Structures are given as C-alpha cells and as structure tokens.
Amino acid sequence: MEINVFLGAPGSGKGTQAKRLSSQAGFKHFSTGDMLRAAIQKNTEVGKKAKSYIDKGDLVPDNVMIELIKSELAPLSSDSKVILDGFPRTLPQAKALDQDSLTKVRRALYFTVPEMKLVKRLTGRRICQKCGESFHTEFMPPKVDGICDKCGSKLIQRTDDSESVVERRLQIFREQNDQILDYYRQQTNLLELNADAEVEKVFSTLKKSLS
Ligand code: G5P
Ligand code: MG
C-alpha cells in the first residue's frame, strides 16, 4: 500500500485537500475525526468512548485509535493509494503504522499555517450534517446560507469548533507535534507544505508533492 499521512494543526486544511485528492486523483481518504464523529452519531462502542474526549478537545486514547485505523486498512488491496488525515497524532500511533510492512508510511506531508489564522478558520467552519462537506462563513461560503452546495442538507458547526475547545486542540497539537515531525524527519520522508494560501493553490502544490 502507498500510505501518505497528512500532519498539521487543526484547521490547516487536511480534510479539505484530502477530499479533493480522493475525488480527483484516486486516493482513499481516511479521516479519523470523521470516523469518530460518525461513530458518535451511530452511538457505537467507539463513539461512546470517544465523545467526552472530542468534546473537550482532548485526544482519544491511542489503543482505541490504533485499533480503529487498523480495522479500516486491513481490507484494502495492496495497490491502494491511501491518505490518512488526522492520524497519527502521537508517537505510538506513528510507530504502530510502521511496525507493519503493509502500512509503513511512504510520505508524511506537514501542512503549515500561521497559528493566528487557524482560530478564524475553525470558528468559521460549517459542515454538512449529512455528507460532511466543509464550508467557511467567509473563505468558502455556501451558495445558499446554511445549506450544503453538494447535497442540499443543513450546515452545522462542529461541537469542538467553539473558541475555548479550539484553544485546547491547538495546545494539544503543540505538545505532540514536534516529536512526530522529528520521527518522520528521521525516517527521511517528511515534506513541508505551505498551506497558507488559496485552496486551489495548495491543491496544485500537493499534487506535485505526491507524484
Ligand atoms: P479531527 O477531525 O481530525 P483536527 O483538529 O485535526 O480535527 P480539523 O479541525 O478537521 O483537524 P483540517 O481537516 O486540517 O482541520 O481542516 P479543514 O476542515 O480542511 O479546514 C478548516 C477550515 O479552513 C474550513 O472552514 C475550510 O473551509 C478552511 N480552509 C481549508 N483549506 C483552506 C485554504 O487552503 N485556505 C483557506 N483560506 N481556508 C481553508 O479530530 C477531531 C477530534 O477527534 C479526535 C480528537 O479528539 C480530535 O480533537 N481524534 C483523535 N484522537 C486521537 N488520535 C487521533 N488520531 C485522532 N483523530 C481524531
Ligand atoms: Mg479535518
């Protein structure tokens, strides 16, 4: 398998770009955040475990996350091109991927955006409650206010996109990020991507990095 991991702060555009790559370039996109939110909606065992962590902006325990991602990757064929968005978030998660030769990481792409811009991106984000498409009240407004362009369902704000929870998520990111970057630097497969630009511009740089 060709495993590419997207690293970067909350709001750095990992999900936005991963969705484009999966619809336009044949990558299979796995967002652990989206999986957890779906599990919460369905009230599964994983969802019950994850909810209190997500609502506070804390990380869900490694054992739950590693199990979850392994079960998603296991059925894939060996020629799959994969993007992991939001995984790994900790060193044990990064090592768990590399321990298995099938899921060994090919590239780690680190999306960089100045921190002061992230809060605005996150607090203005709106997502479709049905298809998960992401919008922004200012930077990517839907054609009709509060309605998804893609499927016509209602747009909502993520419960963890309030200003106080965003602060906590950014703090956790700062605590974990350096050791993950160091790890991938040592594996010599870390690429940095300036993600402080128009979505289309970031997308074209990203496509070049992945080819
Ligand atoms: P998530 O869901 O993984 P985060 O915090 O990593 O959440 P998030 O918030 O989903 O990441 P993103 O995907 O990087 O950020 O950003 P995005 O949605 O694409 O874009 C954010 C906003 O900016 C949008 O409004 C978009 O329109 C705008 N935007 C995007 N790109 C651009 C651009 O190029 N230019 C401009 N101007 N704007 C742009 O995780 C949620 C929770 O789940 C748990 C944790 O509790 C976590 O807090 N979790 C895990 N816990 C443990 N381990 C894991 N591996 C976990 N994964 C999830
Ligand atoms: Mg995301």
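Residues numbered from 1 in each chain as written. Chains lettered and ligands numbered in written order. Predicted model: local features only at pLDDT ≥ 70, side-chain atom pairs only at ≥ 80, totals over all residues. Heavy atoms only, no water.

What about the overall build of the chain?
Working step 1: Helix and strand counts for the chain stand at eight helices and eight strands.
Working step 2: A compact globule built from 211 residues would reach a C-alpha radius of gyration of about 17 Å, and the chain, at 16 Å, matches this within 12%.
Working step 3: Seen through its principal axes, the chain has C-alpha atoms that stretch 45 × 40 × 35 Å.
Working step 4: A buried classification covers 45% of the 211 residues belonging to the chain.
Working step 5: Partitioning the contacts of the chain with sequence separation of at least 6, the portion at a separation of at least 24 is 71%.
Working step 6: Accessible surface, the chain: about 11,000 Å² in total, of which carbon and sulfur atoms supply 50%. (Helix = DSSP H or I, 4+ residues; strand = E, 2+ residues; numbered from the N terminus. Rg over C-alpha atoms; globule rule 2.2 N^0.38 Å. Buried < 20%, exposed > 50% of the residue type's maximum accessible area, 1.4 Å probe, protein only. Contact = heavy atoms within 4.5 Å. Areas by Shrake-Rupley, 256 points an atom, 1.4 Å probe, with all protein chains shown as cover.)

Focus on the sheet that holds strand β5 (residues 125-128)
Working step 1: Spatial strand order, β6-β5-β7: three strands in an open sheet with antiparallel pairing. For this open sheet the edge positions go to β6 (134-136) and β7 (155-156), each flanked by a neighbour on one side alone.
Working step 2: Sheet analysis places β5 next to β6, joined by three bridges and oriented antiparallel. Bridge pairing links Arg126 to Phe135 in β6.
Working step 3: Set on the sheet, helix α6 (residues 115-123) makes contact with β5 and β6; between it and β5 the angle comes to about 40°. (Pairing = 2+ DSSP bridges. Axes fitted to C-alpha atoms, helices over the stretch in contact; angles between N-to-C directions.)

Some thoughts on the site of ligand 1
Working step 1: Among the 36 residues in the neighbourhood of ligand 1, the closest are listed as Gly11, Thr16, Asp58, Arg125 and Arg169.
Working step 2: At 3.0 Å, a backbone N or O of Gly13 approaches an oxygen atom of ligand 1.
Working step 3: Between an oxygen atom of ligand 1 and a main-chain N or O atom of Asp58, the distance comes to 2.6 Å.
Working step 4: Compared with its free state, where it exposes 1,100 Å², ligand 1 has 95% of that area covered by protein.
Working step 5: Looking at the shell around ligand 1, the elements that each hand over two or more residues are α1 (14-25), α2 (32-42), α6, β6 and α8 (199-210).
Working step 6: Ranked by the residues each element gives to the shell around ligand 1, the list is headed by α2, at four residues. (Near = heavy atom within 4 Å. Polar contact = N/O pair within 3.5 Å; in protein donor to acceptor, adjacent residues only side chain to side chain.)

Looking at the nonpolar core
Working step 1: With 52 residues, the main nonpolar core has Val5, Leu7, Leu73, Leu84 and Tyr184 as its most contacted residues.
Working step 2: It is helix α7 (residues 163-186) that contributes the most residues to this core, seven residues altogether. (Core = buried A, V, L, I, M, F, W, Y, C linked by side-chain atoms within 4.5 Å.)

What about α6?
Working step 1: All of the buried residues along α6 are Leu118, Val119 and Leu122. Looking down the long axis of α6, one finds its buried residues gathered within 100° of arc, a one-sided arrangement.
Working step 2: Buried positions along α6 lie against β5 and α7. (Arc of directions from axis to C-beta.)

As for unusual backbone geometry
Working step 1: Of note, the amide linkage connecting Phe87 to Pro88 takes the cis form, showing an omega dihedral of 5°.
Working step 2: With respect to the secondary-structure elements, Pro88 resides in the loop between β3 (81-85) and α5 (91-99).
Working step 3: The backbone of Asn43 shows a phi angle near 60°, a positive value even though the residue is not glycine.
Working step 4: Mapped onto the fold, Asn43 is located in the loop between α2 and α3 (45-56).

A word on the side chain of Lys14
Working step 1: By secondary structure assignment, the location of Lys14 is in helix α1.
Working step 2: Buried charge Lys14 goes without a salt bridge, the closest partner of opposite sign being Asp85 at 5.0 Å.
Working step 3: A polar contact of 3.2 Å, which involves the side chain of Lys14, links it to the backbone oxygen of Gly8.
Working step 4: Ignoring sequence-local partners within four residues, the contact set of Lys14 consists of Phe6, Leu7, Gly8, Ala9, Asp85, Gly86 and Phe111. (Lys, Arg positive; Asp, Glu negative; His and termini not counted. Salt bridge = Lys/Arg side-chain N within 4 Å of Asp/Glu carboxyl O.)

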